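Given next are the chains, with one letter for each unit.
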Number of protein chains: 6
Amino acid sequence: MKRLLITGAAGGLGSAMRARLSGQAEILRLSDIADLGAAGPNEEVVTCDLGDAEAVMKLVEGCDGILHLGGVSVEDKFSKILNANLLGLFNLYEAARAHGHPRIIFASSNHVVGFYRQDQHIDVKAPMKPDGLYGVSKCFGEALASMYFDKFGQETAIVRIGSCFEKPLNHRMLSGWMSYDDFVSLVGCVFRAPMLGCPIIWGISDNDSKWWDNSHASYLGWRPKDNAERFRAELDATQERPAPTSAMAVYQGGKFVKDPIFPED
Amino acid sequence: MKRLLITGAAGGLGSAMRARLSGQAEILRLSDIADLGAAGPNEEVVTCDLGDAEAVMKLVEGCDGILHLGGVSVEDKFSKILNANLLGLFNLYEAARAHGHPRIIFASSNHVVGFYRQDQHIDVKAPMKPDGLYGVSKCFGEALASMYFDKFGQETAIVRIGSCFEKPLNHRMLSGWMSYDDFVSLVGCVFRAPMLGCPIIWGISDNDSKWWDNSHASYLGWRPKDNAERFRAELDATQERPAPTSAMAVYQGGKFVKDPIFPED
Amino acid sequence: MKRLLITGAAGGLGSAMRARLSGQAEILRLSDIADLGAAGPNEEVVTCDLGDAEAVMKLVEGCDGILHLGGVSVEDKFSKILNANLLGLFNLYEAARAHGHPRIIFASSNHVVGFYRQDQHIDVKAPMKPDGLYGVSKCFGEALASMYFDKFGQETAIVRIGSCFEKPLNHRMLSGWMSYDDFVSLVGCVFRAPMLGCPIIWGISDNDSKWWDNSHASYLGWRPKDNAERFRAELDATQERPAPTSAMAVYQGGKFVKDPIFPED
Amino acid sequence: MKRLLITGAAGGLGSAMRARLSGQAEILRLSDIADLGAAGPNEEVVTCDLGDAEAVMKLVEGCDGILHLGGVSVEDKFSKILNANLLGLFNLYEAARAHGHPRIIFASSNHVVGFYRQDQHIDVKAPMKPDGLYGVSKCFGEALASMYFDKFGQETAIVRIGSCFEKPLNHRMLSGWMSYDDFVSLVGCVFRAPMLGCPIIWGISDNDSKWWDNSHASYLGWRPKDNAERFRAELDATQERPAPTSAMAVYQGGKFVKDPIFPED
Amino acid sequence: MKRLLITGAAGGLGSAMRARLSGQAEILRLSDIADLGAAGPNEEVVTCDLGDAEAVMKLVEGCDGILHLGGVSVEDKFSKILNANLLGLFNLYEAARAHGHPRIIFASSNHVVGFYRQDQHIDVKAPMKPDGLYGVSKCFGEALASMYFDKFGQETAIVRIGSCFEKPLNHRMLSGWMSYDDFVSLVGCVFRAPMLGCPIIWGISDNDSKWWDNSHASYLGWRPKDNAERFRAELDATQERPAPTSAMAVYQGGKFVKDPIFPED
Amino acid sequence: MKRLLITGAAGGLGSAMRARLSGQAEILRLSDIADLGAAGPNEEVVTCDLGDAEAVMKLVEGCDGILHLGGVSVEDKFSKILNANLLGLFNLYEAARAHGHPRIIFASSNHVVGFYRQDQHIDVKAPMKPDGLYGVSKCFGEALASMYFDKFGQETAIVRIGSCFEKPLNHRMLSGWMSYDDFVSLVGCVFRAPMLGCPIIWGISDNDSKWWDNSHASYLGWRPKDNAERFRAELDATQERPAPTSAMAVYQGGKFVKDPIFPED
C-alpha cells in the first residue's frame, strides 16, 4: 500500500495503531480533530473535522486504504454523534467514492448488539439491538457501508470491535477483548485479500470466553492469537466480579444498556 | 384513543390517512412542514419542521398515539435526509419519551432491503440491504426505535411500507402494494394490541405475488384483505412489463438501486 | 374405529368431546376419576385413577384409539401432578404397549412454552419453556410419547391445546383459542391418517391472531375453520384489555407465569 | 408468446397440456418420440428423440418458450434414462443456448426427495434424497438448469411435479396432486413474470394435506385453486388406505422407494 | 464458595468428583443413599433419600453451590426413577428455592437425545429424543430447571454428560467421553461465571470425534483439554468395533435405544 | 482391509494415493484407463474403462473398500463426462451392489458449489450451484450415492475435494487446498468408522482461510493437520494476486465459472 489513512489517530486505539501499522504502507496519513503531535517519518498529519465535507474530501485523496477509527466512540450528545458519526461517515464515503474506492476498515462496535444477553451466542445475521445513541450511529454506519458496496462496489470491512485495549479492564472484557496485535493482523488480512466484499467481523481475540461467531468471515484467513484468559487471575485479584443481575454480567453491551442518553444543553 | 398525531399529513399517504383515520381517535393532530389546509372537525393542524426539537416536543405533547409518516420519503440530498429523517426522528423519540411513551407507528420502507432480488423471499431477520441514502436513513430509524424499546420501553410498530397508493402504479408494485384500507386496519391492530413490543411489519396487502413473510407478526391479528392482482390486467394493458434484467424486474427496491445519490449544491 | 377411549371425560373438554365424538367410533369408552353420569347409548363408563397401573391396563384393553384428556389440567400440588400426569401417563403408555399400540391423542398444553413472549412466533422445534409444574408435567409427557414412538413404534398426536372452550374467555385467548368443532376435526384427521408418526400439533383454530406455526403438520390435512376474532367485540365490550406489561399481555402462558407453585399441605 | 414448444406432448400430461395451452401462444410446437397424431390448428408436430442433438437443435429453433415434459418419467433401465433424461436434457439446454435462451419449464419430480418421510415438511433447500434412478436423473436436470442459469443467464422454472392427473389416484396423492388447471395457471405465471430466475417450485394444488412449502416462490404470484381433498371420500370408498408402515404411507416417494432398479437386458 | 453440596457422591462419578473438588469450596457436603464412608477433612457426610422432601430441605440448607449427581443413572424400574429423578429433583429445587437459590449443576444425560444417529451433528436446540425411561426423566429435569429459572431466577448448568469415566470404555465413548479433569474445569467455570443463566452444556472432552456443538455456551469460557482419541489404539487392541448396523454404531444413545424397559415386579 | 480398489490411480491424485495408501490394505487394486506402470508389491493393476459395465463388475469383485478417483476431473466434452462420470459411476455402484457393498469414497468436487462467492461460508446443506458440466456430473454422483445409501444401504463418503496437490498452486487454493497427508488420514477415518452413513465432507486441510464448514462430519474424528497458510509467502513472491473482481477472487469455483463449455467436434 502506498498511503494508509488512519482517522481518529489521536485516540487510544488510534495511537496504538499508529505505532504498529507503519510497516503496512509507505506513508501513514493520520487525522484527528485533536492534536496528533508531530509527524514521524513516513507520516502525514492532518487536523480534520469529519463533519466538514470539503476537508474530508481532501483527506482521502491519494489514499489507497482507510482505517476509520474517527468519530465519537462513547455515548454522547446526539448533536456530536450526528456530526461525527452520521454526517462524518457520509463525508468519508463520498470522498472514497470520488477517489477510487480505497478499501475501508470501519470501526463499528459491539454496542450495535449491546442488548443481547451474555448467554446468547450470535452471529452477524442477528438483528441489531443497539444499546444507546452511539450504538445506533454505528448501525447507521453499517447500513451506509452496505449500501455503498451494493451500489458502488465500495469494499468495507465492518469490524465490530469488542474492547481493544492493552489488556481487558474488567471481567466483561474477558469475552470481548481484542489485543492490539490481533487487530493489526486483521488489518493485514483485510488489505491483502484479493476480494474483500463487505463483511461484518467481530473484533475479538481468541478468548476462551466469547459471545460471537466469526466463522462466516474465515475466508479472510484471520486467526487471532491472543486470549484474554491470561488476564483473569489479575482481574480476579483486583476487582469484584459483577453481580449476577447487573448490566455488566447480563448484557453484551455491559453498562451502556443502563446509561442514560446525554441531554443537550 | 384521545389524540392521534399524524406527521407528514400533507403528503400523499398522509392525506389518505387523514381522511380515513378520523374514527380512530377523538382528535387527529396533523402536522407537516407543508400546507395542511384548514383543520376539519376534530382536527388540530400544526406546521412543524421535524428538525426543530422544541417544536416537536410540543407537537407530541398530549398525544396518546403517533402515526409517523413525516420526513423525506424519496431519495434526496443527504442534508435534507439528515435533518428530517435522522435528527427529526431523534426529536420525535425524545418527545415521546418526555410525554409518556405514546405508541408509535414508524413508516419505514422496503428500501431498507432494496438490494435483495425479487426472487428472494425474506423475513424481517434478513440483514438490511438498503438501496440509497433514503433507505439508509430508514435503517437508522429502525435501529433507533429498537433502542428506545429495549432501553425505555417505548413501543413502536415499524412498518416497512411497500407502495401505498390508491392502486399499484407499475408491475413491480403488484408485489409490494398496500391498499389504504389495509393500512388503516393495520393501524387499528397496532393501537388495540394489549402489548405491541417493537415489531417490524411488512406493509403489503394480501397480494398473490409477494416477497416478504409477515408470519412473525401474526400476534397482532392483522389480516390484509386487498390484493394487487386485480389490477394486473389494467397494468398489462397500459404499460410494458419491465425487461428481465432491468432493476425494476430484478431488485425489490426497483429503480432505487440504480438511482444516483443526489449531489449537494 | 371400534372403540375409542376418552380419558378425563368428566371434565369440561372431556364432556364436550363426549358429546361430539360418538360418531367417530362404534363405542366410546369414557373414563374419569370424577363422576361421569350414566352411560349413554354406545358408551361404556369407567371410573379410573390414572395412577393405578392395573386399572389403566384394563381400561385400555380393547380400544383402538385413545383421546387422553385425563390428568391434572391446571397448576396444582406436585403430589397430584406426579400421580396423574407422570405416573398416570406412564401407566397409559404401558397399557397401550400391552394392547397393540392403539393410536393416542395426548392433550399437552401451551404451558410447555408459556414463558415465550406473545410477540414471539414459534414452531414446535422451539425449546420448551414451561411456566409451572403443570407445564413441566406436559414436557415429561411429550418426552415419554417421543420415546415410545422411537422405541416401540407407538404413534401419538401430541396436541398442545391453547384454550379449548365454547368461546374465548379473555383477550389472550383470541390467539390461543380452539373451537370444539376444530378439535373434533383434528381428532378425525389423526385417526384417518395412514401414518401418524409422533407429531406435535398446536391446538388452535384459524385465529386472525396467533403465535404458533403448524405448517410442519400439514401432512395430516387438518384445516381448522373457526376464528376467535368473531368474539373480539364481545370481549372488548365486557372486559378490560390486559395492561401492556401484565403477564396476560406479555407471555404466551398468561398468568400461569406469575402463579405460585402450590404448597403441599 | 409466438411459439411454445411442448416436449413429451404425446404422454398423459403432455396431452392434457396440449389441449389446455393453445391459448398461451400463437403456435404450439409439439414433440415426442411417440405418435402425436395430426397437427391441429396452430400446432406444429415434430417427432424427435431427445438423445439426438441435431434434431433437438432444430426443434428448439424459433421457440420463445419451452415446456419440457419429455423424457423417461418413471423408473426404467439406466440406458434409457441416460439417453432421454441426461443426454436429452443436455441437448435441450445446448439448443436453448444456441437459440436465444427461450424460457424453460423443466418437469422435475417429487422423486428427487422421495426418501423424505411424509411427516417431514420440507422446502426446496432440503438436500435431495432421490428414490431411484429416475429421481437421480431429475437431480441431474436440476443441477444442469442451475448451471445454465448461473453461467449463461438461461432462466428455468424447475417444477417438482407431485402427481398431475385428472384426479388423485390413491391416498398418497391427496398430498401431492396438482390439477391440470393449476399447472396451466403456473405455466402462465412463469411466462408472464418480468424476471424468472431459476426457481424450484413444488407442483401441487392447494391441498389440505401437503408436505412442501412453496412460499419462497410466491414472487411469481401463483396461487393454485384446486384441492385434492374433494376426492377423499371417493378414494375412501374405493380403496384401502395404505398400511401405516407401508412405503405408500411413510415416504413422500411412495412405492418408488421400494421399487427395484430395472436390470439391463 | 463456602459449602458445595455433591449429591450422589458415593457413585462412580461422585467419588471422582469428591476427590477432585475439595479445593473448590471450604466444605464439601456429600450425600448419597449409599454408604459414603467416613468424612474426610473439610467434608460433611449425609445419608439422604432424594425422595424425602424434608431430608432434602435440610441437606441443601447452608450450601452455596450444588453438584447434583444423585438419582438413578441407568435404565431402571419406573418406580425408582420416579422417586429419585422426578420427585427427588423437585425436592431439590424446592429446597434450593427455600435456601437462597444456590447455583446448581444438574447432571443430565446424552440419553435425552439417544435416538439421534451418530452421523447427526446437533446442538442443544435439537428437539429431545430420549431413549428410555431414564432419558425421559432427564428431559423432565431439564424442563424443571428451565421453569425454576424463568419463574424464580434459579440458575442451573444443565450438563448432558456423555460418558464420564477414567477413560472411554468402548468405541462409542470415543465421541462422548468427558475426562474427570475436564468436568472439574467445567464445574469451576460454572461457579465463577458472573451470570450463569440456565444453559445446556454437552459434557464432553475435546474429542477428535464428536456429535455435539457447544459453541452457544462459550460465554462460560470452558475449554476442555482432554481428547478420547489417545485411547483409540488401546480400544482397537482390546475390543471389536461395533457392527455398522448395531445400536452401538448407529445411535448416539448406543445400546440404550435397544434396551427394554424394566418391568415392575 | 484386504483389498482396496483405487480408481483413477494413474492420475495426479491417484498416483499420490497409490504411494501413500499401501499400508491401509493387504492389497491395493489400481485401475485406470491410462497406463499404470508395473504392479508393485501388494499391488494389482487393471486397465479399465469405467463406461464398460462388465469390466467394472469384475474390477470391484473381491474388494472391501473403494477409493473412487476415476473419471473426468476437469471441464471436458459432455460425451466424455457422460461416459466416465455418469455411466461410469452407475457401473461402479451396480458393481458394489453386486459385491457386498464395499465402502466407497467418492471424489466429488468443490465445483458442485462453484458459483458461491468466496465471501460466503457454506455447509453441505447449501443447495448446489455447479459451475460447469464437470460440476454437474458430480452433482449427479452425489445424488446417486445418496440413493444407493437410502435404498440399498450402500455407504459412501462423498468428499468434495478442494484442490489436492503437493502444495497450493495459486492464491485461491489457500482456501481450498488439501494436503496429501490430510487426505490419507481422511481415508483412514472413513474406513475405520463403525458406521459411515453417507456424509458429504469438504476435502480441505486446516487452512487459516476457508469457505466450508465440516462440523457436521466430526463424528468421523477427522482432524486435518496441514495449513495452506505456510505457502502464502511463496505464492505472494511468485504470483500476482487475482484482481478483486476476477473469477479467481470472487467465486469458490474460480475460473471454472467463466470457462466455456467444451464443444463436441
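Sequence order as written defines residue numbering, which begins from 1 separately in each chain. For naming, the first written chain is A and the first written ligand is 1, with later ones following in the order written. This being a predicted model, a pLDDT of at least 70 is required before a residue's local features are given, and a value of 80 or more before pairs of side-chain atoms are given or counted; all residues contribute to the totals for chains, interfaces and linings. Computation of side-chain values covers all heavy atoms of the structure but excludes hydrogens and water.

Describing the overall build of chain A
- We count a stretch as a helix when DSSP gives it H or I for four or more residues in a row; a strand needs E for two or more, and each element gets its number in order from the N terminus. The number of helices and strands found in chain A is 8 helices and 7 strands.
- Taking 18 Å as the expected radius of gyration for a compact globule of 265 residues, we find that chain A reaches 18 Å, a close match to that expectation.
- Considered along the principal axes of its C-alpha atoms, chain A spans approximately 50 × 45 × 40 Å.
- The buried share among the 265 residues of chain A stands at 63%.
- Note on contacts: a residue pair qualifies if any of its non-hydrogen atoms lie within 4.5 Å across the two residues. Considering only contacts in chain A between residues 6 or more positions apart, those separated by 24 or more positions represent 68%.
- Carbon and sulfur atoms form 52% of the exposed surface of chain A, whose accessible area is close to 9400 Å².
- As used throughout, the charge tally considers Lys and Arg to be positive and Asp and Glu to be negative, leaving His and the chain termini uncounted. Working definition for charges: the position is that of NZ of Lys, CZ of Arg, CG of Asp or CD of Glu. Side-chain charges in chain A split into 27 positive and 33 negative, and the spacing between the mean points of these groups amounts to 3 Å. All radius of gyration figures rest on C-alpha atoms, and the globule criterion is 2.2 Å times the number of residues raised to 0.38. Three exposure classes are used, based on accessible area relative to the maximum for each residue type with a 1.4 Å probe and protein chains only: buried under 20%, partly exposed in between, and exposed over 50%. Each accessible area is a Shrake-Rupley estimate made with a 1.4 Å probe; only the visible protein chains count as cover when residues are assessed.

Some words on the relation of the copies chain B and chain A
- The transformation that overlays chain B on chain A combines an axial shift of 0.0 Å with a rotation of 180°, and the residual RMSD is 0.0 Å. Interpreted geometrically, this transformation is the action of a two-fold axis. Taking C-alpha positions as the reference, the residue of chain B nearest the rotation axis is phenylalanine 140 of chain B, at 2.5 Å.
- Interface residue correspondence from chain B to chain A reaches 100%, placing this contact among same-surface, isologous pairings. Least-squares superposition of the copies uses the C-alpha atoms of those residues scoring a pLDDT of at least 70 in each of them.

A short note on the UniProt feature "domain: NAD-dependent epimerase/dehydratase" (unreviewed entry) in chain A
- UniProt positions are given in the numbering used here, feature names are shortened, and annotations may be inferred rather than shown by experiment. As recorded in UniProt, the sites labelled "domain: NAD-dependent epimerase/dehydratase" (unreviewed entry) are residues 5-163 of chain A.
- Note that residues 5-163 of chain A is 36% helix and 19% strand, and that its end C-alpha atoms are spaced 22 Å apart.

Some points on helix H3 (residues 78-98) of chain C
All names here are of chain C.
- Each residue after the first adds 1.5 Å to the expected span of a helix. When the terminal C-alpha atoms of H3 are compared, their 28 Å separation across 21 residues agrees well with the 30 Å that a helix rising 1.5 Å per residue should span.
- Taking the largest bend as the criterion, H3 deviates by roughly 35°, centred on glycine 88.
- Judged by how many residues are buried, H3 sits mostly within the fold: 15 of 21 residues are covered.
- Taken from the residues just after H3, glycine 100 is the one with a positive phi, measuring 80°. Think of it this way: the bend at a residue is just the angle between two axes, each fitted to seven residues, one set ending at that residue and the other starting at it.

Digging into helix H1 (residues 12-20) of chain F
- Buried within H1 of chain F we find Leu13, Gly14, Ala16, Met17 and Arg18 of chain F.
- Buried residues belonging to H1 of chain F abut strand S1 (3-7), strand S2 (27-32), strand S3 (43-47), strand S4 (65-68), strand S6 (156-161) and helix H6 (180-192) of chain F.

Section: the sheet that holds strand S1 (residues 3-7) of chain C
All names here are of chain C.
- Pairing in this open sheet of 7 strands is parallel, and the strands run S3-S2-S1-S4-S5-S6-S7 from one edge to the other. Pairing within the sheet leaves two strands with one partner each, and these edge strands are strand S3 (43-47) and strand S7 (200-203). Neighbour to neighbour, the strand axes of the sheet diverge by 20° on average, direction disregarded.
- In the sheet, S1 pairs with strand S4 (residues 65-68) via 4 bridges, with the strands oriented parallel. Of the residues in S4, the one forming a bridge with leucine 5 is isoleucine 66.
- What counts as an axis is a line fitted to C-alpha atoms, over the stretch in contact for a helix, and the angles between N-to-C directions run from 0 to 180 degrees. Taken strand by strand, helix H2 (residues 53-60) contacts S1, strand S2 (27-32), S3 and S4, and its axis lies near 165° from that of S2.
- Running at roughly 155° to strand S5 (residues 103-109), helix H4 (residues 133-152) makes contact with S5, strand S6 (156-161) and S7 of the sheet. Any two strands with at least two DSSP bridges between them are considered paired.

Quick notes on the interface of chain C and chain E
- Every contact between the two is made by 31 residues of chain C and, on the other side, 31 residues of chain E.
- Two parts placed together each lose some accessible area under a 1.4 Å probe, and the buried area is that loss summed for both. For the pair chain C and chain E, the summed buried surface comes to about 2600 Å²; carbon and sulfur atoms form 76% of the total.
- It is Phe78, Lys151 and Ile261 of chain C that lose the most area in chain C upon contact with chain E, and together they represent 22% of the buried surface on that side.
- In the sections that follow, a salt bridge refers to a side-chain nitrogen of Lys or Arg positioned within 4 Å of a carboxyl oxygen of Asp or Glu. Taken together, the links from chain C to chain E amount to 2 salt bridges.
- Of the charged contacts, one joins lysine 129 of chain E and aspartate 150 of chain C as a salt bridge, the two residues approaching to 3.2 Å between their closest N and O atoms.

A look at the packing of helix H3 (residues 78-98) of chain B against helix H4 (residues 133-152) of chain B
All names here are of chain B.
- Two numbers describe how H3 lies on H4: the axes approach to 10 Å, and their chain directions differ by 15°. Comparing the axis directions of H3 and H4 gives the class roughly parallel. Considering how the two elements wind past one another, H3 and H4 form a crossing that is right-handed. Residue-level contacts link Phe78, Ile81, Asn85, Leu86, Leu89, Phe90, Tyr93, Glu94 and Arg97 of H3 to Leu133, Tyr134, Ser137, Lys138, Phe140, Gly141, Leu144, Ala145, Tyr148 and Phe152 of H4.
- In the contact of H3 with H4, the residues fall into 13 nonpolar, 3 polar and 3 charged. Geometric relationships in this document are graded by angle, where less than 35 degrees denotes roughly parallel, more than 145 denotes roughly antiparallel, 65 to 115 denotes roughly perpendicular, and other angles denote oblique. Crossings are assigned a handedness: left-handed for a near helix turned anticlockwise from the far helix by less than a right angle, right-handed for a clockwise turn. Charged residues are taken to be Asp, Glu, Lys and Arg, nonpolar residues to be Ala, Val, Leu, Ile, Met, Phe, Trp, Tyr, Cys and Pro, and polar residues to be all remaining types, Gly included.

Some thoughts on the interface of chain B and chain A
- The interface is formed by 31 residues belonging to chain B together with 31 residues belonging to chain A.
- Where chain B abuts chain A, roughly 2600 Å² becomes buried across the two surfaces, and 76% of that area is made up of carbon and sulfur atoms.
- Between chain B and chain A we count 2 salt bridges in total.
- Distance and chemistry together define a polar contact, namely a pair of N or O atoms within 3.5 Å, with one atom able to donate a hydrogen and the other to accept it when in protein, and with adjacent residues in sequence counting only for side-chain atoms on both sides. In this structure, the connection of chain B to chain A is made through 8 residue pairs in polar contact (both at pLDDT 80 or more).
- Of all the secondary structure elements, the ones that give two or more residues to the side of chain B that touches chain A are H3 and H4 of chain B.
- For the side of chain B that touches chain A, the per-class residue count stands at 21 nonpolar, 2 polar and 8 charged.

Focus on the packing of aromatic side chains
- Two rings from Phe, Tyr or Trp (for Trp, the six-membered ring) form a pair when their centres are within 6.5 Å of each other. A pair whose planes differ by under 30 degrees is stacked, one over 60 is edge-to-face, and the rest are tilted. Going through the model one piece at a time under the given rule, you end up with 57 aromatic pairs over all chains.
- Aromatic side chains phenylalanine 140 of chain A and phenylalanine 140 of chain B sit 6.5 Å apart centroid to centroid with 85° between the ring planes, which places their arrangement in the edge-to-face category. Taken together, the positions of phenylalanine 140 of chain A in helix H4 (residues 133-152) and phenylalanine 140 of chain B in helix H4 put the pair across two chains. Both residues of the pair, phenylalanine 140 of chain A and phenylalanine 140 of chain B, count as buried.
- With 5.2 Å between their ring centres and 45° between their planes, tyrosine 93 of chain F and tyrosine 148 of chain F make a pair best called tilted. Of this pair, tyrosine 93 of chain F sits in helix H3 (residues 78-98) while tyrosine 148 of chain F is found in helix H4 (residues 133-152), placing the two residues 55 residues apart along the sequence. Across this residue pair, the class does not change: tyrosine 93 of chain F and tyrosine 148 of chain F are buried.
- Among the aromatic residues, those joined into a ring-pair cluster are Phe78, Phe90 and Phe140 of chain A together with Phe78, Phe90 and Phe140 of chain B.
- Over the face of the ring belonging to tryptophan 202 of chain B we find arginine 160 of chain B, whose NZ or CZ atom lies 5.0 Å from the ring centre. For a lysine, the NZ atom is tested; for an arginine, the CZ atom; a charge sits over a ring if that atom is within 6 Å of the ring centre and within 35 degrees of the ring normal.

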